[in-house]
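# Examining the three-dimensional arrangement
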Amino acid sequence: MAFEASAGIVKWASNIHNRLQNDPTRAAFKELVQVQGFLFLEEYLEEVLKGPKDQPVIELAKTPGRRKETQKRTRAAVAAVAATATKLKTIVSSLSRTPSFAEKI
């Protein structure tokens, strides 16, 4: 069973097609895209043909805008800080029991 379009639909579609084909802004846009596209490709090709830039390898490997990270907190680091704090508390408490240290405070 073939679909037969009415004459009105064909005429309507043809009218839209003709209006789009004759639109002056469409032609100007097409030309702009062609010109800008080819200019970009020419500039890109020139950059490629120039070859690689002479920069130190480390400059190429850097991530732009990357901030230095703070020290990462691992379980071992947290445990070491806790052990040091405990040792300091015992030293301070033993010093505070001595009469000479208590008099100075």
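Just so we're clear, the structure is a prediction, and the values are computed from it rather than from any experiment.

So, about the overall build of the protein chain. Regarding its fold elements, the protein chain presents 5 helices and 0 strands. Taken from the N to the C terminus, the helices and strands of the protein chain come in the order α-α-α-α-α. Carbon and sulfur atoms make up 62% of the accessible area of the protein chain, which totals about 10,800 Å².

So, about the confidence of the model for the protein chain. Looking at the protein chain, pLDDT values average 79 and 78% of them are 70 or higher. The least confident element of the protein chain, judged by mean pLDDT, is helix H5 (residues 99-104) at 55; the most confident is helix H1 (residues 7-21) at 89.

Scanning the entire structure with this criterion turns up 1 salt bridge. The residue lysine 50 makes a salt bridge to glutamate 47 at a minimum N-O spacing of 3.4 Å. You can see lysine 50 and its partner glutamate 47 sitting in helix H2 (residues 24-50), 3 residues apart, about one turn around the helix.

This next bit is on H2. The terminal C-alpha atoms of H2, which comprises 27 residues, lie 39 Å apart, in line with the 39 Å expected from a rise of 1.5 Å per residue. Trailing H2 by a residue or two, glycine 51 shows a phi angle of about 95°, which is positive.

Moving on, we get to a nonpolar patch on the surface. On the surface, a cluster of nonpolar side chains totalling about 560 Å² of accessible area is made up of Phe38, Phe40, Leu41, Tyr44 and Val48. Assignment of secondary structure puts leucine 41 in helix H2. By relative accessible area, leucine 41 is classed as partly exposed at 47%.

With respect to the secondary-structure elements, threonine 74 resides in the loop between helix H3 (57-61) and helix H4 (75-97). A polar contact of 3.2 Å, which involves the side chain of threonine 74, links it to the backbone nitrogen of alanine 77.

Rules used throughout
- Residues numbered from 1 in each chain as written.
- Predicted model: local features only at pLDDT ≥ 70, side-chain atom pairs only at ≥ 80, totals over all residues.
- Heavy atoms only, no water.
- Helix = DSSP H or I, 4+ residues; strand = E, 2+ residues; numbered from the N terminus.
- Areas by Shrake-Rupley, 256 points an atom, 1.4 Å probe, with all protein chains shown as cover.
- pLDDT = per-residue confidence, 0-100.
- Salt bridge = Lys/Arg side-chain N within 4 Å of Asp/Glu carboxyl O.
- Expected span 1.5 Å × (residues − 1).
- Patch = residues over 30% accessible without salt bridge, like charges linked within 9 Å, V, L, I, M, F, W, Y side chains within 5 Å.
- Buried < 20%, exposed > 50% of the residue type's maximum accessible area, 1.4 Å probe, protein only.
- Polar contact = N/O pair within 3.5 Å; in protein donor to acceptor, adjacent residues only side chain to side chain.

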